[in-house]
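# Observations on chain architecture
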Amino acid sequence: QSLDVANNRLRELPAALADCPRLKEANFRGNQLKDKRLEKMVNGCQTKAILEYLRAGGRGKGKAENAREEARKKKREKQQKKDGGDEEQDEVEQASKLMVKVLHVSTPLVIKVSPGVKDVRPFIVCCVLRGVNLKPGNALKKFLSVQTKLHEDICEKRTAATIATHDLRLIKGPLSYDVQPPEELKITPLGRKEIKAKDLLRQLQLEAEEQRKQKKRQNISGLHKYLQLLDGKDHYPCLVDAEGVVISFPPITNSEKTKIRKDTRDLFLEVTSDTSLQICKDVMDTLILKIAELNRFTLENKEETGSDSEPDAPCGPMNSNSIQNAQLTSVPLVVEQVRVVDTDGNLKVLYPSKTDLATVSSLLTVIR
């Protein structure tokens, strides 16, 4: 807001000062400026007039400003070239725009939240996603890799939020989001036999210790690195289906019962957090975007995706020969809303609402 460089040896003033919107007072007196008109102004004019003079390109420009102006010029020329000459590329980009359709069903899937989760892991957001294709090549492997990367990045190693994905066909609704004591909560974790939560955590802890001994380092992998997220908890959060089966134990694992397989077409997506509801929504927005990218990549490369050794690349680049292919593969995924209610049936969360999916709107066209 205030700049005082009076009585120095300045010979010129940079025009970049005009780009400082909060600068209200500036004292340049006592400097022998090359631009004599500017020198008179600094001795008798208000700061606003001086900045306007610099903005208009007064003779006070130095080498840095000349370079800056040259960079701006090049940027404008590049933009004009892009806007004027590449209509075909614009057509490709428009055709390849990712799309999802939000479906407002009359009887959406309902999740009833118990009061006990408030002190353990209070926030949950869910939705149904229909029309995924995990059959070709290593599509399923890519799908799992997407979740792993999101857990590391936007979920901040599961400390901010945790993602769980389920095969919708294997879920019996309505669902309950509840808490249970560690010695009572039973789950069949992915790739394991049914076990109590207390015993599962003890088993994972022993495995982690064994990892440290074998590898002689502190870093551990897999579920083991999330054990500390439940430290000090007397009750553990869980998502339970209508048959009383625990299908999710966040932030640790999902159930083998609802495991995603190659022939899975419809997904039940779940994001939980002990931080905020908005974090759940932001993570869900990003998850839907990434699945849409993966789905398009899979459809575009059906013939090529025959190997499990392919590098992970959820979305490949388009070229001018891809317009027709993009139009064929831009069939939108369908997102169905899921209601989260309290024990009295009062609505807590409906996802996606009209304001959801806004964080990815630049990359995703949402049909409502």
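Keep in mind that what you see is a predicted model, and the values were worked out from it rather than measured.

## Considering the overall build of the protein chain
What the protein chain contains, in helices and strands, is 8 helices and 16 strands. Per-residue burial over the protein chain gives 43% buried out of 368 residues. By element, 48% of the accessible surface of the protein chain is carried by carbon and sulfur atoms, the whole surface being about 20500 Å².

## As for the environment of Val240
By the element assignment, Val240 lies in strand S10 (residues 236-240). It is 5.1 Å that separates the C-alpha atoms of Val240 and Ser176, two residues lying 64 residues apart in sequence. Val240 has contacts with Pro174, Leu175, Ser176, Gln180, Val245 and Val246, leaving out every residue within four places of it along the chain.

## Describing the nonpolar core
Counting 52 residues, the largest nonpolar core has Ile111, Phe268, Leu269, Met284, Ile288, Ile291 and Leu364 as its most contacted members. In terms of nonpolar packing, the next biggest core, distinct from the first, is built from 16 residues, Ile195, Leu200, Val246 and Phe249 among them.

## Structural notes on the environment of Asn8
Within the fold, Asn8 resides in the loop between strand S1 (2-4) and strand S2 (25-27). You can call Asn8 partly exposed: its relative accessible area is 42%. Residues Asn8 and Gln32 lie 24 residues apart in sequence; the distance between their C-alpha atoms is 8.4 Å. Residues in contact with Asn8, not counting those within four places in the same chain, are Gly30 and Asn31.

## So, the environment of Gln228
In this structure, Gln228 sits in the loop between helix H6 (197-215) and S10. Placed 23 residues apart in sequence, Gln228 and Gln205 show a C-alpha to C-alpha distance of 9.9 Å.

## With respect to the side chain of Glu336
Mapping Glu336 onto the fold places it in strand S14 (residues 333-341). At 2.5 Å, the side chain of Glu336 and the side chain of Arg130 are in polar contact. Beyond its immediate chain neighbours, meaning those up to four positions away, Glu336 contacts Leu103, Val105, Cys127, Val128, Arg130, Tyr351 and Pro352.

## Regarding the pattern of salt bridges
Per the stated rule, a full pass over the model turns up 15 salt bridges. Of the charged contacts in the structure, one is a salt bridge between Glu336 and Arg130, with a shortest N-O distance of 2.5 Å. Linking Glu336 in strand S14 with Arg130 in strand S5 (residues 123-130), this pair joins segments that are 206 residues apart in sequence. You can call Arg130 partly exposed: its relative accessible area is 30%.

## Let's talk about the packing of helix H5 (residues 139-152) against helix H7 (residues 277-300)
Axis separation between H5 and H7 bottoms out at 11 Å; the angle between their running directions is 155 degrees. Considered as vectors, H5 and H7 are oriented roughly antiparallel to each other. For the pair H5 and H7, the sense of crossing is right-handed. Note on element contacts: H7 touches H5 through Thr286, Leu287, Lys290, Ile291, Leu294, Phe297 and Thr298, opposite Ala139, Lys142, Phe143, Val146 and Leu150.

## Side note on the confidence of the model for the protein chain
Within the protein chain, residue pLDDT values average 82, and 78% of them lie at 70 or more. Overall, residues 87-92 carries pLDDT values under 50, and its contacts beyond four positions in sequence, including any with other chains, amount to 7 contacts.

Criteria and thresholds
Residues numbered from 1 in each chain as written. Predicted model: local features only at pLDDT ≥ 70, side-chain atom pairs only at ≥ 80, totals over all residues. Heavy atoms only, no water. Helix = DSSP H or I, 4+ residues; strand = E, 2+ residues; numbered from the N terminus. Buried < 20%, exposed > 50% of the residue type's maximum accessible area, 1.4 Å probe, protein only. Areas by Shrake-Rupley, 256 points an atom, 1.4 Å probe, with all protein chains shown as cover. Contact = heavy atoms within 4.5 Å. Core = buried A, V, L, I, M, F, W, Y, C linked by side-chain atoms within 4.5 Å. Polar contact = N/O pair within 3.5 Å; in protein donor to acceptor, adjacent residues only side chain to side chain. Salt bridge = Lys/Arg side-chain N within 4 Å of Asp/Glu carboxyl O. Axes fitted to C-alpha atoms, helices over the stretch in contact; angles between N-to-C directions. Parallel < 35°, antiparallel > 145°, perpendicular 65-115°, else oblique. Left-handed = near helix turned anticlockwise from the far one by under 90°. pLDDT = per-residue confidence, 0-100.

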